[in-house]
Amino acid sequence: MFTTRILKTFICIICVSIIILGASATIIQASQAPVAVFGELNLIDWDWETDGIVSLDGQWEFYWEHLLTPEDFNNFKLTNTTLPNDNSYITVPRAWNKFELDDTTLTGEGYATYRLLIHNTDAKLLALKIPRIFTAYTLWINNEVIASAGQVGIAKQVSTPQYLPQVNTFYTDAEIIEVVIQVSNFHHRSGGILEAIYLGTEAQIRDQKNSNLALEMFLVGSLFIIGFYHLALYSYRTKDKSTLYFGIYALLISLRTMLVGEIFFIQMVPAFSWELAHKLQTLAFYLSIPLLFIFLRSIYPNDTSRNINKAIIIVGLSFALLVVLTPARIFTLFNPLYQIFTVMLIPYALYILYSINKNQRDGCYIITAGLIFLIAFTMNDILFLSILLNDADNHILRNIITRGNLSSWGLLIFVFSQSLIIAKKFSKSFTNVELMSDKLQHLNENLEAIVNDRTQALETSKQELEEAYEALSRSEKSRQHLVQNVSHDLRTPLTTIKGYIGAILDGIIADPEQQKAYLKRVNDKANSIDFMVQSLMELSQLESRQLQLNLKSFTLDTFLNDYTKKLTADMHVSKIEFHTHISSELNNNTDKFYVRVDTEQLNRVFTNLLSNAINHTPVTGKINLYFAVNEDKTNLVIQLSDTGSGIAEQDLPHIFERFYKVSKARSINAKSVGLGLAITREIIEYHGGRIWVESQESKGSSFYFTLPVHYEEKEG
């Protein structure tokens, strides 16, 4: 992963660097050309077609505080008059600042004349590529003015500064080409010719000029578009401040690029204020430094120092304010300080790069490569414009720093690296969007099934809530019934018990035998109350479904065989004729049907029903038990019939109610508490069946109840 990222980044950076180096190839070649010595440059052996462009570097004649013309030099020659400041030579390119002349160290303000004699034997149409000269000049070639910028004067009031790089052609067949340049400066810290002047054929010089302009316009356009692109990104996502800082940074450098190098903006608007242009150029540099570190903090907040960034912002804004409030003659004096300040920030920038790579931040390798190029190219420009080179002769760095204005290319490389990070971020975002789209599409495809599942779950929850509500209602009703029954039905036996005990305590019953008889009645009443309370508790548990059934599956064959034998044995004691009957359809399929019952509770059902039948059937009567299945074969139907006294018609609807008092012919016996049939009904309904009765007085009764059946055995 690391190798792939680095490889992609450096391939792109190398491509851009090749373009830059290619554009500079002709100028670099000029560094191998002869140099001027004592005001003369020998180009007799120079072949313009094969050797190319030559820089007019070296020692030029220098006439301080004299504005001389070629005619003046001719007059001095004709009259054998001594030239002013004769034998004074200054190195070009360099500022005249700190130049020693007659025990005087020059400052940036003043005026002077430069003169160079070029020995040439090849008559040809030639051209000069003239850079910006600080800060006004007039240039002659063999007595003819071919270029000027601003207004040269001997005082600030009569001079006008202007930066205007030019290409000017001239034809000569003379053996010596005389170049005379008048220069004045009262508006900038530095004065003189600070950049190289190039000589070549017209085609070579114009090709070089056009190539430089094309590259600079490409640079300006690229930075301008990228700057606005990032501002547009910020307008759509204001949460990410990094795009705002980066956009402003790119636009600042784009503006500065138009005001340096070939100075395309002044080419388009020659009358534009030199002072304002210089302020804009300097402001762009001063503000770009804090903006760069603000941008780095916005994307790597944990790897940058808040306090150091604040200090950088304060210093940058202070210098920017100085530019706004003072003229160029003043604020340019502080340029070296800000250049030193910028150089001092390089270790901090390298520390940030070290930190983001150590912590493996997103895009750390790419941004590291881009920022290193930006730092290197910025250092090149700082040194190229520094007093270290411009205020000294033949500094060793001039062999390394051959041209300026590379920081814009460094920024373009840095911008390109940042664009790779943004592209990666967007690609990752788009990938996430595609994944989310796929998930949403899959979700939509299964939405109906999900909705159905959720609906079914809600229905189930609703049903469970309804069942819980019904259980709660049953429990509440059971509680109310229990309280009502206990309070009502215990009052009479308790009153009787109190009466018996009171009679004994009051001495009304004094005979020991009678007291014993009364105490026996109290004991019987207490047992009856205990039995009734126990029955009420069981009934309440059945009604509220708090009593758990112990259900087990039995084949009908086993079920019928067990119960017919058991009930037949029980009825044998009663002496009443008893018979069991199994329908033919059921009898042939007893091994195919299953029932799930709680045998203990079902025994209570049969016991209650048979006890009632025995109590109300004479010894000469009959009791019959029938087993059958209903028409759809879902329920086992059990019928218990007797030939006893029967039940009155008005009592039938209430027969299964607790404590219901039937007619005397069917009244409960002394031991009964009137809860047997109520308990029987709850047990049957708890099993999922139902119970009912059919009866006629004096003809007997038939009790029916059902139990669900199924065709395969289910585990209990």
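Residues numbered from 1 in each chain as written. Predicted model: local features only at pLDDT ≥ 70, side-chain atom pairs only at ≥ 80, totals over all residues. Heavy atoms only, no water.

> Is there a simple way to explain the overall build of the protein chain in this structure?
Helix and strand counts for the protein chain come out as 22 helices and 22 strands. The buried share of the protein chain, taken over its 716 residues, is 47%. Counting contacts in the protein chain only where the partners sit at least 6 residues apart, residues at least 24 apart contribute 75% of the total. As presented, the protein chain carries roughly 36900 Å² of accessible surface, and 57% of it is formed by carbon and sulfur atoms. (Helix = DSSP H or I, 4+ residues; strand = E, 2+ residues; numbered from the N terminus. Buried < 20%, exposed > 50% of the residue type's maximum accessible area, 1.4 Å probe, protein only. Contact = heavy atoms within 4.5 Å. Areas by Shrake-Rupley, 256 points an atom, 1.4 Å probe, with all protein chains shown as cover.)

> Would you mind showing me how to read the confidence of the model for the protein chain here?
Detailed reading of the predicted coordinates is not advisable wherever pLDDT is low. Per-chain confidence: the protein chain averages 80 in pLDDT, with 80% of residues scoring 70 or above. At the low end of the mean pLDDT range in the protein chain sits helix α2 (residues 25-30), at 40; at the high end sits strand β10 (residues 136-141), at 95. Contacts for the low-pLDDT stretch residues 5-31, under 50 throughout, to residues beyond four places or in other chains number 37 contacts. Across residues 663-671, confidence stays below pLDDT 50; counting only partners more than four residues off in sequence or on other chains, it has 18 contacts. (pLDDT = per-residue confidence, 0-100.)

> Sorry, what's going on with the packing of aromatic side chains here?
Here the distance between the centres and the angle between the planes together describe a pair of aromatic rings. On inspection of all chains with the given rule, the structure shows 25 aromatic pairs. Ring centres of Tyr163 and Trp274 lie 5.5 Å apart, and the angle between their planes is 75°; this geometry places the pair in the edge-to-face category. One end of the pair, Tyr163, is in the loop between β11 (144-149) and β12 (166-172); the other, Trp274, is in helix α8 (residues 274-299), and 111 residues separate them in sequence. Summarising the aromatic geometry, the rings of Tyr563 and Phe606 are spaced 5.0 Å apart at their centres and angled 35° between planes, so their arrangement reads as tilted. Remark: Phe606 occurs in helix α21 (residues 599-615) and Tyr563 occurs in helix α19 (residues 556-574); sequence separation between them is 43 residues. A single burial state applies to Tyr563 and to Phe606, both of which are buried. Put simply, the rings of Trp60, Phe62, Trp64, Trp96, Phe99 and Tyr114 pair up and form one aromatic cluster. Its guanidinium or amino end placed over the ring of Tyr163, Arg132 lies 5.2 Å from that ring's centre, counting from NZ or CZ. (Phe/Tyr/Trp six-rings, centres within 6.5 Å; stacked < 30°, edge-to-face > 60°. Lys NZ or Arg CZ within 6 Å of the ring centre and 35° of its normal.)

> Quick question: what am I supposed to make of a negative patch on the surface here?
Residues Glu459, Glu464, Glu466, Glu467 and Glu470 make up a contiguous surface patch of negative charge. Secondary-structure assignment places Glu466 in helix α16 (residues 447-489). Residue class for Glu466 comes out partly exposed when judged on its relative accessible area of 41%. (Patch = residues over 30% accessible without salt bridge, like charges linked within 9 Å, V, L, I, M, F, W, Y side chains within 5 Å. Salt bridge = Lys/Arg side-chain N within 4 Å of Asp/Glu carboxyl O. Lys, Arg positive; Asp, Glu negative; His and termini not counted. Charge placed at Lys NZ, Arg CZ, Asp CG, Glu CD.)

> Hey, could you run me through helix α12 (residues 346-358) in this one?
Because the α-helix completes a turn every 3.6 residues, residues three or four places apart line up on one side. A rise of 1.5 Å per residue sets the reference length of α12, with its 13 residues, at 18 Å; its end C-alpha atoms lie 18 Å apart and thus fit the reference within 8%. For α12, every residue scored as buried is listed here: Ile346, Tyr348, Ala349, Ile352, Leu353, Ser355, Ile356 and Asn357. Downstream of α12 by a residue or two, Gln360 has a phi angle that is positive, lying close to 55°. (Expected span 1.5 Å × (residues − 1).)

> Sorry if this is basic, but what is going on with the sheet that holds strand β9 (residues 124-130) here?
Consider a sheet: its strands pair through backbone hydrogen bonds, and that pairing is either parallel or antiparallel. An order of β2-β15-β9-β12 is seen for the four strands of this open sheet, with the pairing classed as antiparallel. What marks the edges here is a single partner per strand, and that holds for β2 (54-55) and β12. Bridge count for β2 against strand β15 (residues 198-201) is two bridges, and the pairing is antiparallel. Across the sheet, the residue bridging to Ser55 is Tyr198, located in β15. (Pairing = 2+ DSSP bridges.)

> It is not clear to me how a nonpolar patch on the surface should be interpreted in this structure. Could you clarify?
There is a patch of nonpolar side chains on the surface, built from Ile330, Leu333, Phe334, Leu337, Ile340 and Met344 and spanning about 550 Å² of accessible area. On the secondary structure map, Leu333 appears in the loop between α10 (328-331) and α11 (335-344).

> I tried to follow the nonpolar core on my own but got confused; where do I start?
When a protein is soluble and globular, its nonpolar side chains tend to lie buried together. In this structure, Tyr114, Leu128, Leu139, Ile181, Leu199 and Phe414 are the most contacted members of the largest nonpolar core, which totals 101 residues. Among the elements that take part in this core, α8 stands out by supplying twelve residues, more than any other. In contact with Ile181, not counting residues within four places along its chain, are Trp60, Ala112, Thr113, Tyr114, Ile133, Tyr137, Thr138, Leu139, Ile193 and Ile197. By size, the runner-up hydrophobic cluster in this structure holds 39 residues, among which are Leu556, Phe559, Val597 and Ile638. (Core = buried A, V, L, I, M, F, W, Y, C linked by side-chain atoms within 4.5 Å.)

> Whenever I open this one, the environment of Tyr518 confuses me. Can you help?
Structurally, Tyr518 can be placed in helix α18 (residues 512-543). Given a relative accessible area of 22%, Tyr518 falls into the partly exposed group.

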